[in-house]
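Commentary on secondary and tertiary structure
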Amino acid sequence: MQHLFVTGGAGFIGSNFVRMMLDKYPDLAITVYDKLTYAGRVENLQDVAANYQERYRFVQGDICDAAAVDKVIAEQQIDAIINFAAETHVDRSILNPDAFIQTDVYGTYVLLEAARKAGNLRYHQISTDEVYGHVEGSHRSLETDCVAPRSPYAASKASADHLVNAYFITYGLPITISRGANNIGPYQYPEKVVPLFVTNALNDMPLPVYGDGKQRRDYQYVLDHCEAVDLVLQKGVIGETYNIGTGTEITNLEMVEILLDELGKPRTLIQHVEDRLGHDRRYCLDVHKIMALGWEPDYSHEEALRMTARWYMHNQWWWEPIRSGEFRDYYARVYGDRKRLA
Ligand code: NAD
Ligand code: DAU
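In what follows, the accompanying structure is described. (Residues numbered from 1 in each chain as written. Chains lettered and ligands numbered in written order. Predicted model: local features only at pLDDT ≥ 70, side-chain atom pairs only at ≥ 80, totals over all residues. Heavy atoms only, no water.)

Bringing the overall build of the chain into the picture now. Helices and strands together make up the secondary structure of the chain, namely 13 helices and 13 strands. Computed over the C-alpha atoms, the radius of gyration of the chain is 19 Å, within 12% of the 20 Å expected from 2.2 N^0.38 for a compact globule of 342 residues. Its C-alpha atoms give the chain principal-axis dimensions of about 60 × 45 × 40 Å. Long-range contacts, defined here as pairs at least 24 residues apart, represent 85% of the contacts in the chain between residues at least 6 apart. (Helix = DSSP H or I, 4+ residues; strand = E, 2+ residues; numbered from the N terminus. Rg over C-alpha atoms; globule rule 2.2 N^0.38 Å. Contact = heavy atoms within 4.5 Å.)

Here you go:
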């Protein structure tokens, strides 16, 4: 039986990945190792814990704690490490970058050392299209493009990618990296734009669109991303990086209009507010390399947005307690004094 060590598995993408992998491979075991920050929630995996008692284990821990990481890896005879653990929200990285440097950079180093000490374990790093920075004109970022991160979050993720590549070159650690575009779907913490806007709209609250709303993103369905990560684990070339996204783009305003349409809510909820500092106007990935491995997305932006809106409509049990907790202070700090634009 193969055994994966999935860090950050209680977060949004990690929990979707763990569920998908255990459903798909009857001969696979997974240990999730997660600090349970504000973004990590055991509720995200409660069905998994009930359905897969024999093949699923949860350990609460910090990836920056080398002794704890080494211990869990030694106990479980791990075959591969998949690192989803990170601080992930750009706006929080602008308010306070410290945790981003700790977890995203130092934590990645701890995991790489653990993989090396355990006899060069297979290691996969979950990275992001944000490492390429703002993408000009009609260019699509290639895996060979230089990284040019512009937010503290993106810089922490780009630093981690450099470390991962350095461990491949220096120690021969069998690594791969994937750089995903914006994921959407079930269990995404409602600070990120799509769940924020859907839950605001369901509460008849304004949707704070940053600046002119003409920034361009590739909103992909989370399970499309997870399938591509699985493919990289199975067929990816060691030492290589793979972009994962639909390879198409829409503006934030187009995204909002699809959500409001699906929810049956009026456009008057749209409220333009002061822009994010250093806001990247456009990300767009060239995805030929991952497609050449045999992957293509199952869902368009529009399908992914509509499915996501419906999930939040039907799963208030999940997000209502979140919105009444730590989230309230956060919302007041980021949006409270933000200037409205005409
Ligand atoms: P998330 O914020 O929902 O989850 C992050 C998880 O990591 C949480 O469960 C949290 O508790 C855990 N964690 C944080 N610090 C930790 C630490 N020090 N030790 C152990 N666990 C820790 O994030 P997500 O959106 O699921 O993103 C997962 C990964 O995918 C991240 O590496 C992120 O950079 C990357 N990514 C995200 C997107 C996206 O659109 N969400 C796109 C591309 C790449
Ligand atoms: O591109 C991949 C990245 O996508 C991941 O690496 C990050 O972890 C993830 O958080 C996400 O980053 P973004 O900054 O693109 O996502 P966010 O949901 O914060 O914002 C998406 C777009 O919506 C962006 O152009 C900013 C805008 N936005 C965001 C918020 C929170 C708004 O207009 N209003 C908002 O309130």
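Moving on, we come to the sheet that holds strand E2 (residues 28-34). Pairing is parallel in the open sheet, where seven strands are placed in the order E3-E2-E1-E4-E5-E6-E11. Each edge of the sheet is formed by a strand with only one pairing partner; in this case those strands are strand E3 (56-60) and strand E11 (241-244). Averaged over all pairs of adjacent strands, the angle between strand axes in this sheet comes to 20 degrees, irrespective of strand direction. Of the pairings in the sheet, the one linking strand E1 (residues 2-7) to strand E4 (residues 80-83) comprises four bridges and is parallel in character. Considered in E4, the bridge of Leu4 is made with Ala80. Relative to the sheet, helix H1 (residues 12-24) contacts E1, E2 and E3, its axis offset from that of E2 by approximately 165 degrees. Running over the sheet, helix H3 (residues 66-76) touches E1, E2, E3 and E4 and is turned about 165 degrees from E2. (Pairing = 2+ DSSP bridges. Axes fitted to C-alpha atoms, helices over the stretch in contact; angles between N-to-C directions.)

With that out of the way, let us pick up the packing of aromatic side chains. In this description, an aromatic ring pair is defined by two values, namely the gap between the centres and the angle between the planes. For the structure shown, the criterion picks out 17 aromatic pairs. Relative to Tyr171, the ring of Tyr167 has its centre 4.9 Å away and its plane inclined at 55 degrees; by these criteria the two rings are tilted. One end of the pair, Tyr167, and the other, Tyr171, are both in helix H6 (residues 152-171), four residues apart, so they sit about a helical turn from each other. Overall, the relative accessible area of 36% leaves Tyr171 in the partly exposed class. A ring pair is formed by Tyr187 and Trp318, whose centres lie 5.8 Å apart and whose planes are at 80 degrees; its orientation type is edge-to-face. With Tyr187 in the loop between strand E7 (183-184) and helix H7 (193-202) and Trp318 in helix H12 (residues 316-323), this residue pair connects regions lying 131 residues apart in the sequence. (Phe/Tyr/Trp six-rings, centres within 6.5 Å; stacked < 30°, edge-to-face > 60°. Buried < 20%, exposed > 50% of the residue type's maximum accessible area, 1.4 Å probe, protein only.)

Next up on the list: the pairing of E2. Counting buried residues in E2 gives seven out of seven residues, a clear majority hidden from the surface. What you see with E2 is no split at all: Leu28, Ile30, Val32 and Asp34 on one side and Ala29, Thr31 and Tyr33 on the other are buried throughout. Two strands pair when backbone bridges link them, and E1 and E2 are joined in this way by six bridges, in the parallel orientation. Residue pairing for E2: Leu4 is matched across the bridge by Ile30. What joins E1 to E2 is H1, and the crossover it makes is right-handed. Two strands pair when backbone bridges link them, and E2 and E3 are joined in this way by five bridges, in the parallel orientation. The residue bridging Ile30 from the neighbouring strand is Tyr56, located in E3. As a crossover connection, the stretch from E2 through helix H2 (residues 46-51) into E3 is right-handed. (Right-handed = clockwise from strand over helix to strand, strands pointing away.)

It is worth spelling out the site of ligand 2 at this point. Neighbouring ligand 2 are 26 residues; Thr128, Asp129, Tyr153, Arg276 and Tyr335 lie closest to it. Measuring from an oxygen atom of ligand 2, one finds a side-chain N or O atom of Glu130 at 2.7 Å. Within the contact set of ligand 2, a nitrogen atom lies 2.8 Å away from a backbone nitrogen or oxygen of Pro208. Surface burial for ligand 2 is 94%, taken as the share of its 680 Å² of free accessible area covered by protein chains. (Near = heavy atom within 4 Å. Polar contact = N/O pair within 3.5 Å; in protein donor to acceptor, adjacent residues only side chain to side chain. Areas by Shrake-Rupley, 256 points an atom, 1.4 Å probe, with all protein chains shown as cover.)

Scanning the entire structure with this criterion turns up zero disulfides. There is no disulfide at Cys146, and the cysteine sulfur nearest it, in Cys284, is 18 Å away. You can call Cys284 buried: its relative accessible area is 2%. (Disulfide = S-S within 2.5 Å.)

In this section: the side chain of Glu113. Mapped onto the fold, Glu113 is located in helix H5 (residues 98-117). Separated by 3.1 Å, the side chains of Glu113 and Arg116 make a polar contact.

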